[in-house]
Amino acid sequence: MALARNSDSEEHLHSTFASRYVRAVIPRFKMPDHSMPKDAAYQVISDELMLDGNPRLNLASFVTTWMEPECDKLMMEAVNKNYVDMDEYPVTTELQNRCVNMIANLFHAPVGEDEAAIGCGTVGSSEAIMLAGLAFKRKWQQRRRAQGLPTDNPNIVTGANVQVCWEKFARYFEVELKEVKLSEGYYVLDPAKAVEMVDENTICVAAILGSTLTGEFEDVKTLNDLLAEKNAETGWDVAIHVDAASGGFIAPFLYPDLEWDFRLPWVKSINVSGHKYGLVYAGVGWIVWRTKDDLPEDLVFHINYLGADQPTFTLNFSKGSSQIIGQYYQFIRLGFEGYKNIMENCMDNARRLREGIEKTGKFNIVSKDIGVPLVAFSLKDSSKHTVFEIAESLRKFGWIIPAYTMPADAQHIAVLRVVIREDFSRGLADRLITHILQVLKEIEGLPSRIAHIAAAAKVSDGEEKTAKMSMQDIAKYWKRLVENKRNIVC
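Residues numbered from 1 in each chain as written. Predicted model: local features only at pLDDT ≥ 70, side-chain atom pairs only at ≥ 80, totals over all residues. Heavy atoms only, no water.

## Some thoughts on the pattern of salt bridges
Here is step 1: Under the criterion given, the structure shown has 17 salt bridges.
Here is step 2: A salt bridge links Asp-298 to Arg-138, with the nearest nitrogen and oxygen atoms 3.0 Å apart. Here the residue Asp-298 occupies a position in the loop between β7 (285-289) and β8 (301-303), and Arg-138 occupies one in helix α6 (residues 125-146), the gap between them amounting to 160 residues.
Here is step 3: The exposure class of Asp-298 is partly exposed, given its relative accessible area of 45%.
Here is step 4: With relative accessibility at 25%, the residue Arg-138 sits in the partly exposed group.
Here is step 5: When salt bridges that share partners are traced, they join Arg-56, Arg-421 and Asp-423 into one network. (Salt bridge = Lys/Arg side-chain N within 4 Å of Asp/Glu carboxyl O. Helix = DSSP H or I, 4+ residues; strand = E, 2+ residues; numbered from the N terminus. Buried < 20%, exposed > 50% of the residue type's maximum accessible area, 1.4 Å probe, protein only.)

Written out as structure tokens, the structure reads:
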């Protein structure tokens, strides 16, 4: 006679880690045939997630990793609200509209007291940039068709330092990307060179307020003035989009006199990331247009099957409401004063870290004093060891710090970059400096990996490559090494 079998709940009750659910291997790429208790499922996933890096020590990311418990609670209470159901959740919609108007006011949009700003929330700056680019492309097409001119060859002018989302926009929406190349010591868009590349098919010029590579603000004011002159000479209407993903919530508080926003007449749209220095968890961005005329009406859809007429201009449809609510909480909780205090503290900690790195005598500082609070730095002597080795060695302390080479034409420059967020304290800055010193001491006692890489990097005539080419080879070597350690399914 078969013995009676314990129920799943009884079996799991005695010992979590002795239960068959934890002892058995769970299929990785196929749904399991049978269910498991909720606490077992939690434990299995929680155990795997322990191997992730610590978000607070992920200094590669600009994205917010800490919010107040009260805001966490508000966001969890709204986790089951689909933002697109505007008729069912009218208050959430109203909070988004308030955020758009607050941001437009912060960026000096020409909006009257009783007027509504033109803009919307997105899942991040990538979506916001896609929407802005589509608006520019459609406006350009409309002008060309009205003049009886072809519309089959649009282009956009950017610096080579733009974030990958600009390349995605160009490829996905069939727009030629014309990049202004960088040079050693100058890692942002050169306004004069950008305007030289503008032609009758240019839909806009994209300027970055806070370069991903060095945190530097591009000179939007000079770009605006040069474009104004070119438009007056040619009769064109080439305008500017400002990618303020990182700097949009920094410049208004730290550099209020800096002209980069709608105070400049040729700036027609601006995006900003709420989940970066807007101080909200990942999943929220914003796009604001100067006036209603800058967003073509035929790009706005009107739906009514959710209960009322709803205008919508997004690339996706359903999305959560939590981040919108989190953004509104931060705006009213902190106010202008609170944001200013936080950004000043971030800059103070960036200066502290910068000074500590400079005192080692081993690095050149690549980032600038004015810009996003980060520190980008390169080795003075890369003949024996590289920034890639330093980044790898810092991992053992838990720090996640990226090492990378600059875009064209500065690929031979390799740097480390530390992003300073709200939750990166003075104590952590001092601890990081200590660990950098320790790593430097350790690698100086190790044999050089450069010699091994350089020995394999010979040109066809047997001569060794130049220093510039060698650094590119080293970067490729480390990239392959890192990729080989990954097992990612996309």
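Still more to cover.
## Re helix α9 (residues 220-234)
Here is step 1: If you check α9, its first and last C-alpha atoms are 21 Å apart, about what 15 residues at 1.5 Å a residue would give, namely 21 Å.
Here is step 2: Along α9, the positions that sit buried rather than exposed are Val-220, Leu-223, Asn-224, Leu-227, Lys-230 and Asn-231. Down the axis of α9, the buried side of the element spans an arc of 135°, and every buried residue falls inside it. Seen from the open side of α9, the exposed residues pointing more than 90 degrees away from its buried face are Ala-232 and Glu-233.
Here is step 3: On its buried side, α9 packs onto α8 (191-197), β4 (202-208), β5 (239-243) and β6 (267-273). (Expected span 1.5 Å × (residues − 1). Arc of directions from axis to C-beta. Contact = heavy atoms within 4.5 Å.)

## Observations regarding the packing of helix α12 (residues 387-394) against helix α13 (residues 426-444)
Here is step 1: At a minimum axis distance of 10 Å, the contact between α12 and α13 shows a crossing angle of 120°. In terms of their interaxial angle, α12 and α13 are classed as oblique. Two packed elements cross with a definite hand, and for α12 against α13 that hand is right-handed. Between α12, through Ile-390, Ser-393 and Leu-394, and α13, the contact on the second element is made entirely by His-435, Ile-436, Val-439, Leu-440 and Ile-443. (Axes fitted to C-alpha atoms, helices over the stretch in contact; angles between N-to-C directions. Parallel < 35°, antiparallel > 145°, perpendicular 65-115°, else oblique. Left-handed = near helix turned anticlockwise from the far one by under 90°.)

## A short note on the UniProt feature "modified residue: N6-(pyridoxal phosphate)lysine" (unreviewed entry) in the protein chain
Here is step 1: Mapped onto this structure's residue numbering, the UniProt feature "modified residue: N6-(pyridoxal phosphate)lysine" (unreviewed entry) falls at Lys-276.
Here is step 2: On the secondary structure map, Lys-276 appears in the loop between β6 and β7.
Here is step 3: Once you skip the residues sitting within four places of it in the chain, Lys-276 turns out to touch Phe-62, Val-63, Thr-64, Ala-245 and Ser-246. (UniProt positions renumbered as here; feature names shortened; annotations may be inferred.)

## Overview of the layout of surface pockets
Here is step 1: By volume, the second largest pocket is sized at about 760 Å³.
Here is step 2: Lining the second largest pocket are 32 residues; nearest its centre among them are Gly-119, Cys-120, Val-300, Pro-311 and Thr-312.
Here is step 3: Listed by contribution, the elements that provide at least two residues to the lining of the second largest pocket are α5 (90-106), β1 (118-122) and β9 (310-312).
Here is step 4: Top contributing element to the lining of the second largest pocket by residue count: α5, with five residues.
Here is step 5: Classifying every residue of the lining of the second largest pocket gives 15 nonpolar, 11 polar and six charged. (1 Å grid on protein atoms, 1.4 Å probe; cavity = no way out; pocket = protein on both sides within 12 Å on 5 of 7 lines; lining within 4 Å. Points joined across faces, edges and corners; volume = space filled by probe spheres on them. Nonpolar A, V, L, I, M, F, W, Y, C, P; charged D, E, K, R; others polar.)

## Some thoughts on the sheet that holds β4
Here is step 1: On the basis of which strands lie adjacent, the open sheet formed by seven strands has the order β1-β7-β6-β5-β4-β2-β3 and mixed pairing. Strands with a single pairing partner mark the edges of an open sheet, and in this sheet they are β1 and β3 (176-180). Across the sheet, the axes of successive neighbouring strands diverge by a mean angle of 20°, strand direction being ignored. (Pairing = 2+ DSSP bridges.)

## Things to note about the pairing of β5
Here is step 1: Of all five residues in β5, five are buried, a share of seventy percent or more.
Here is step 2: Going residue by residue along β5, you find Ala-239, His-241 and Asp-243 tucked away on one face and Ile-240 and Val-242 tucked away on the opposite face as well.
Here is step 3: Across five bridges, β4 lies against β5 in parallel orientation. Paired with Val-205 across the bridge in β5 is Ile-240.
Here is step 4: Crossover connection from β4 via α9 to parallel β5: handedness right-handed.
Here is step 5: With four bridges connecting them, β5 and β6 associate as parallel partners. Bridge pairing links Ile-240 to Val-267 in β6. (Right-handed = clockwise from strand over helix to strand, strands pointing away.)

## Brief notes about the sheet that holds strand β13 (residues 414-419)
Paired through their backbone hydrogen bonds, the strands of a sheet run either parallel or antiparallel.
Here is step 1: Read across the sheet, four strands follow the order β10-β11-β13-β12 without closing on themselves; strand pairing throughout is antiparallel. The sheet is open, and its two borders are formed by β10 (363-365) and β12 (403-405), each paired with just one other strand. Put simply, the sheet's adjacent strands are angled 35° from each other on average, direction ignored.
Here is step 2: With three bridges joining them, β10 and strand β11 (residues 374-379) adopt antiparallel strand pairing. Paired with Asn-364 across the two strands is Ser-378, which belongs to β11.
Here is step 3: In the packing of helix α11 (residues 322-359) onto the sheet, contacts are made with β10, β11 and β13, and the angle to β11 comes to roughly 15°.

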